[in-house]
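Here are the chains, one letter per residue:
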Amino acid sequence: MVLPVHAPNHPGQTPASFTPDSRQAWVRLVLALVIGSIGAVGMWAVVVVIPIVQAEFAATRGAVSLAFTLMMFGFGLGGVIAGKITDRFGIVPAMAISIAFLGVANVLAGLSGQLWQFVAAYFFIGLGTSATFAPLMAEASHWFERYRGLAVTIVASGNYVAGAMWPPIVSWGTQEIGWRYTHIGIGLVCAGLMSVLVLILRAQMGRDTVHDHANAPPPRVDLRLSTNTLTVLLSIASISCCVAMAMPQVHIVAYCGDLGYGVARGAEMLSLMMGCGIVSRIGSGYLADKIGGIRTLLVGSLAQGFALVFYLFFDSLTSLYLISAMFGLFQGGIVPSYAIIVREAMPASEAATRVGIVIFASVFGMSFGGWVSGVIFDATGSYAAAFANGVAWNALNIGIVVLLLIRARTGSVETGPGFAT
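To keep things clear, this report deals only with the structure shown in the data block. (Residues numbered from 1 in each chain as written. Predicted model: local features only at pLDDT ≥ 70, side-chain atom pairs only at ≥ 80, totals over all residues. Heavy atoms only, no water.)

**Looking at the packing of helix α9 (residues 227–259) against helix α13 (residues 334–345)**
Piece 1. The N-to-C vectors of α9 and α13 enclose an angle of 170°; their axes lie 10 Å apart at closest approach. Here α9 is positioned roughly antiparallel relative to α13, judged by the angle of their axes. From α9, L230, L234, A237, S238, C241, C242 and M245 reach across to α13, where they touch I334, V335, Y338, I341, V342 and A345.
Piece 2. In terms of residue class, the contact of α9 with α13 is built from twelve nonpolar, one polar and no charged. (Axes fitted to C-alpha atoms, helices over the stretch in contact; angles between N-to-C directions. Helix = DSSP H or I, 4+ residues; strand = E, 2+ residues; numbered from the N terminus. Parallel < 35°, antiparallel > 145°, perpendicular 65-115°, else oblique. Contact = heavy atoms within 4.5 Å. Nonpolar A, V, L, I, M, F, W, Y, C, P; charged D, E, K, R; others polar.)

The structure is reproduced here in structure tokens:
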């Protein structure tokens, strides 16, 4: 008999029986994916409006890119806070707080009269977006046993679905009604839709709360490193790969505008990139179940570096579409691989905290990468040096992953399908 994954809220009040990997689990997963896809708008709207906001406020590219930097910082910090709220009170209260931040902050961004106000609003947009990623991934991991790796990557795909869906919508809205009214509309629509979906998720979950790790099996991979040392190495690796990842994702729209192709073309490339990223993100879940998280991360890191090099040598409209699609296909599974490695190599009782730390590091890498690429552009007048900077950071990531792979013992402990629970 399979034991329920969650414990009841109150002793003596047992919720309806829940079986991991059941139809009910898949219904929850679909709801989580849709919630994440809507709420992750905050990660992509700013990418589309960077050139327009720069022109309106007569600012430098680096100054406007700071909005993305603070949004990502809010996203990472909010993920830690939302994770703690989820551990204590459940995912629904955490989502409710995030929805409030997301709605109000988008309205404030649309009403901003100075650049610093716009940048500050995006910090709170990041806080509002945060619960749609790491906390949802952690929650979904309690709903599955056999397909846990796949479930985690499906939820993680929500921000890529958002990346494929929202840039064309934001681009259209900006052209038709302006970036200010577009932000106000985003805040109102997202708050309404997400509130309804979270209420449905709450009804599906009943009184389910936190997973009990008391009888969890030991880690299945022994890297002969302390938990703290491994956390530091994974954090450095995630920073490195995400600095590289940020260059195309944050600046492809502005890059196309500078080349004379127009920001609408750049938004299409970003959408294509994220759409292909969905394929690779879900595929990485299957791959990790076969070869493990470390090898999956290495494959993704090598492929991402390969795609970045192509940006250095080709800038025609057709080639940029092709390279953007290739970049999306290559890098989509990288970030979820860190969560899988944590679950494979660390005690289950520390998994949520350690995943939060590593994801925060990846967010720092994305925010720093988005900002520094804008600064490099301002200094050189070209994105060539920014792409080269991304290649160098990606090489550091590959070096760390190779080190971890060398340290992995061939006689790892087996705990059944998927990674450690």
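So much for the structure itself; the text now carries on.
**Describing the state of the cysteines**
Piece 1. For the structure on display, the rule yields zero disulfides.
Piece 2. Its sulfur unpaired, C241 is 3.8 Å from the next cysteine sulfur, which belongs to C242.
Piece 3. C241 gets classed as buried once you look at its relative accessible area, which sits at 0%.
Piece 4. Take C242: its relative accessible area is 1%, and that puts it in the buried class. (Disulfide = S-S within 2.5 Å. Buried < 20%, exposed > 50% of the residue type's maximum accessible area, 1.4 Å probe, protein only.)

**Some thoughts on the environment of A307**
Piece 1. If you trace the backbone, A307 turns up in helix α11 (residues 293–313).
Piece 2. Looking at A307, the relative accessible area reads 0%, which means it is buried.
Piece 3. Separated by 24 residues in the primary sequence, A307 and Q331 have C-alpha atoms spaced 9.0 Å apart.
Piece 4. Apart from the residues within four sequence positions on either side, A307 is in contact with I323, M326, F327 and F330.

**Digging into the packing of aromatic side chains**
Piece 1. Tallied over the entire structure, the rule returns 20 aromatic pairs.
Piece 2. An angle of 25° between the planes, with centres 6.1 Å apart, marks the rings of F73 and F123 as stacked. Highlighted residues: F73 in helix α3 (residues 61–89) and F123 in helix α5 (residues 115–130), separated in sequence by 50 residues.
Piece 3. Of the residues examined, F73 reaches a relative accessible area of 37% and is grouped as partly exposed.
Piece 4. Among the aromatic side chains, those forming a connected cluster through ring pairs are Y255, Y311, F327, F377, Y383 and F387. (Phe/Tyr/Trp six-rings, centres within 6.5 Å; stacked < 30°, edge-to-face > 60°.)

**What to know about the nonpolar core**
Piece 1. Among the nonpolar cores identified, the biggest contains 124 residues, and F118, Y122, W143, L234 and Y311 are the most heavily contacted of them.
Piece 2. Broken down by element, this core gets its largest block of residues, 16 residues, from α9.
Piece 3. Not counting chain neighbours up to four residues away, the residues in contact with Y122 comprise G42, A45, V46, A67, L70, M71, A109 and H183. (Core = buried A, V, L, I, M, F, W, Y, C linked by side-chain atoms within 4.5 Å.)

**What about the pattern of salt bridges?**
Piece 1. Scanning all chains against the criterion turns up two salt bridges.
Piece 2. Note that R180 and E56 form a salt bridge whose closest N and O atoms lie 2.8 Å from each other. Pair noted here: R180 is in helix α8 (residues 158–205) and E56 is in helix α2 (residues 45–57), with a separation of 124 residues, a long-range link.
Piece 3. The exposure class assigned to R180 is partly exposed, which follows from its relative accessible area of 24%.
Piece 4. For the salt bridge of E268 with R265, the shortest nitrogen-to-oxygen distance reads 3.7 Å. Of the two residues, E268 and R265 are both situated in helix α10 (residues 263–291); the distance of three residues between them amounts to about one turn of the helix.
Piece 5. The exposure class of R265 is partly exposed, given its relative accessible area of 37%. (Salt bridge = Lys/Arg side-chain N within 4 Å of Asp/Glu carboxyl O.)

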